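# Structure assessment
Single-letter residue listing:
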Amino acid sequence: MKNIVILGAGYGGLTTLKGLNGVVKNGQAKVTIVNKNSYHYDTVNLHEVSAGNIKRDEICLEIKDIVEPGVNFVQDEVIKIDTEKKVVYTKKHELDYDLLVVGLGFETQTFGIEGMLDNALPITDIVAAEKISEKIESNFKKYAESTEKDVKDISIVVGGTGLAGIEFLAELIDRRRELCKKYGIDEKLVKIYGLDAAPVLLPMFEKSYSDYARKYLEDNGIEIILGAGIKGATNDRFIVEIDGERKELLASTLVWTAGVKGSRLMDATFPELAKNGRLVTTQQLTVPGLEEIYIVGDCAAFIEEGQERPYPTTAQIANQMGAYVSKHITNRLNGNTTPNFKYINRGVVCSLGHKNAIADAMGLKYKGFFAAKTKKLIEAKAINECTNLKTAIRNQRII
Ligand SMILES: Cc1cc2nc3c(=O)[nH]c(=O)nc-3n(C[C@H](O)[C@H](O)[C@H](O)COP(=O)(O)OP(=O)(O)OC[C@H]3O[C@@H](n4cnc5c(N)ncnc54)[C@H](O)[C@@H]3O)c2cc1C
């Protein structure tokens with residue numbers, strides 16, 4: 001009986017696990033999944049928790065409720081992988097493996113920008129997301145209760161206007177309304193900025209669509225500043241350079257969404273192969289030279305044959321990788337081969353709050369309410385792919 005260990009219960013890890021239920025049931029393998037928390041969180045919804053528009057319960061699933069009988073769940077933090085001894089070390093356990101699947105996800109990347117790590121909050125996991133929403137609310141409360149009324153307390157600056165940054169900024173529109181009502185603050189006094197060094201907003205969309213997103217944000221009082229190189233952060237400001245000029249944007253809440261890298265364990269385990277927590281896999285998603293180790297999700301840099309650059313890291317590709325790896329392992333246990341991994345890009349949707357979005361999905365481009373509903377359906381599909389339909393329906397706010 002083969003001993004399979006999966007690290008991480010994100011999209012990649014859970015989809016792999018789901019696909020391996022067959023080999024567990026028929027006694028071909030023993031499967032253990034390791035995750036530092038008792039729960040999985042839907043990373044694609046973290047911006048909603050960060051803004052404070054939904055609570056953790058709406059996007060967290062207890063792993064014990066997902067795993068099928070026969071699967072071993074270890075709740076612990078992975079601290080080391082010894083690829084020679086084939087042992088994974090967690091804080092409390094040592095786990096031997098014959099086959100290993102690494103799906104440890106992402107961390108924030110600050111590109112060495114001075115003060116960023118210490119002063120700006122990243123949207124990396126559920127705890128980090130909750131910290132952001134708590135900070136926003138406590139600053140609004142402070143403003144309402146103070147006699148000095150420092151406008152910094154009702155100002156929010158977001159570094160990074162990629163998908164996560166824009167989705168977070170759009171969520172802030174609803175949150176601002178709610179907080180202003182709660183604390184009796186004039187909404188017009190609140191300042192929210194989205195900054196990016198890039199000259200173009202959401203380049204993955206046709207210009208008319210990214211213009212639509214920008215107009216939606218600006219019409220709702222959010223200032224987008226592109227071409228703004230962020231040079232540093234202190235406790236109450238981002239220091240930026242725009243057209244060669246140094247400027248400072250003041251706010252008591254600073255959020256950083258401009259960079260992510262893969263897990264630091266990747267660099268520690270594969271010092272010669274991994275860079276920024278990501279490793280260029282083989283066409284079968286294994287580590288070059290170590291066929292017993294598969295990498296899925298944000299730790300994997302998959303460059304399809306004939307291409308030069310890896311695909312961007314998304315939940316969409318993480319789920320496809322997990323499904324592929326489980327098939328590959330099943331075939332392997334049965335002495336069969338598997339064709340190379342092929343990524344099917346089904347498009348992209350950027351939500352603009354609960355009722356608006358821009359979509360370029362399944363060959364169609366559209367925006368507005370139906371695009372927002374498409375986003376919710378995609379999120380439900382992602383959960384279904386890594387758990388089951390019942391859980392997906394229960395956990396997604398489709399209607
Ligand atoms: C705000 C936001 C919005 C996004 N929106 C979209 C979107 O609309 N569409 C899309 O396709 N993608 C989106 N993404 C990207 C997507 O969420 C990621 O690409 C995806 O989550 C990667 O999946 P994963 O399985 O690699 O890792 P994750 O889903 O991050 O899961 C990794 C798991 O490993 C666990 N873990 C990490 N380190 C350890 C350790 N040392 N020991 C034990 N456990 C550990 C974590 O707790 C976590 O459970 C978004 C990301 C963010 C932040």
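Residues numbered from 1 in each chain as written. Predicted model: local features only at pLDDT ≥ 70, side-chain atom pairs only at ≥ 80, totals over all residues. Heavy atoms only, no water.

### Digging into the pattern of salt bridges
Applied cut-off: Salt bridge, as used here: a side-chain nitrogen of Lys or Arg that lies within 4 Å of a carboxyl oxygen of Asp or Glu. Helix and strand definitions follow DSSP, with helices as H or I runs of at least four residues and strands as E runs of at least two, each counted in order from the N terminus. When a residue's accessible area, from a 1.4 Å probe over protein chains only, is under 20% of the maximum for its type it is buried; when over 50% it is exposed; and in between it is partly exposed.
Inspection of the entire model under this criterion finds 25 salt bridges. For Asp153, the salt bridge is made with Lys142, and the minimal N-O distance between the two is 3.6 Å. Highlighted residues: Asp153 in the loop between helix H5 (126-145) and strand S12 (155-159) and Lys142 in helix H5, separated in sequence by 11 residues. For Asp153, a relative accessible area of 5% gives the class buried. One continuous salt-bridge network, built from bridges that share partners, spans Asp150, Lys152, Asp236, Arg237, Arg246 and Glu248.

### Notes on the sheet that holds strand S20 (residues 274-275)
Put simply, the rule is: Strands pair, by our definition, only if DSSP identifies at least two bridges between them.
Reading across from one edge, S20-S21-S24 is the order of the three strands in this open sheet, with mixed pairing throughout. In this open sheet, the two edge strands, each paired with only one partner strand, are S20 and strand S24 (300-301). Relative to S24, strand S21 (residues 278-280) runs parallel, the two sharing two bridges. Paired with Leu279 across the strands is Ala300, a residue of S24.

### Here's the deal with the packing of aromatic side chains
Filter applied, for reference: The criterion for an aromatic pair is that two Phe, Tyr or Trp rings (for Trp, the six-membered ring) have centres within 6.5 Å, with stacked assigned to planes under 30 degrees apart, edge-to-face to planes over 60 apart and tilted to the rest.
A complete count under the given rule lists six aromatic pairs for this structure. Judged by centre distance (6.3 Å) and plane angle (20°), the rings of Phe302 and Tyr311 are stacked. Across this residue pair, the class does not change: Phe302 and Tyr311 are buried. Seen in terms of ring centroids, Tyr324 and Phe341 are 5.4 Å apart; in terms of plane orientation they differ by 65°. Their pairing is edge-to-face. Of the two residues, Tyr324 sits in helix H9 (residues 315-333) while Phe341 sits in the loop between H9 and strand S25 (347-351), which places them 17 residues apart along the sequence.

### Considerations on unusual backbone geometry
Despite not being glycine, Lys86 has its phi angle at roughly 60°, a positive value. Within the secondary structure layout, Lys86 lies in the loop between strand S6 (78-82) and strand S7 (87-90). Relative accessible area serves as the criterion here: at 32%, Lys86 is assigned to the partly exposed category. Backbone geometry at Leu202 places phi at a positive 40°, although glycine is not the residue there. If you trace the backbone, Leu202 turns up in the loop between strand S13 (191-195) and helix H7 (207-219).

### So, the site of the ligand
Note the threshold: We call a residue near a given molecule or strand whenever any one of its heavy atoms falls within 4 Å of it. Pairs of N or O atoms within 3.5 Å make up the polar contacts considered here, provided that, within protein, one atom can donate a hydrogen while the other can accept it, and that residues adjacent in sequence are counted only when both atoms are side-chain atoms. The protein chains shown are the only cover counted for residues, whose accessible areas, like all others here, come from Shrake-Rupley with a 1.4 Å probe. Residues are grouped as follows: nonpolar covers Ala, Val, Leu, Ile, Met, Phe, Trp, Tyr, Cys and Pro; charged covers Asp, Glu, Lys and Arg; every other residue, Gly included, is treated as polar.
Among the 31 residues in the neighbourhood of the ligand, the closest are listed as Gly12, Val78, Asp298, Ala315 and Lys375. Asp298 places a side-chain nitrogen or oxygen 2.8 Å from an oxygen atom of the ligand. Take Lys375: an N or O atom from its side chain is 2.5 Å from an oxygen atom of the ligand. Relative to its unbound accessible area of 1000 Å², the ligand is 90% covered by the protein chains. Secondary-structure elements contributing two or more residues to the shell around the ligand are helix H1 (11-19), helix H6 (163-183) and H9. Broken down by element, the shell around the ligand gets its largest block of residues, three residues, from H9. By residue class, the composition of the shell around the ligand is 12 nonpolar, 13 polar and six charged.

### Some thoughts on the UniProt feature "domain: FAD/NAD(P)-binding" (unreviewed entry) in the protein chain
Condition: UniProt positions are given in the numbering used here, feature names are shortened, and annotations may be inferred rather than shown by experiment.
With numbering aligned to this structure, UniProt lists the feature "domain: FAD/NAD(P)-binding" (unreviewed entry) at residues 3-322. What you have in residues 3-322 is 29% helix and 31% strand, and the ends, taken at the C-alpha atoms, are 17 Å apart.

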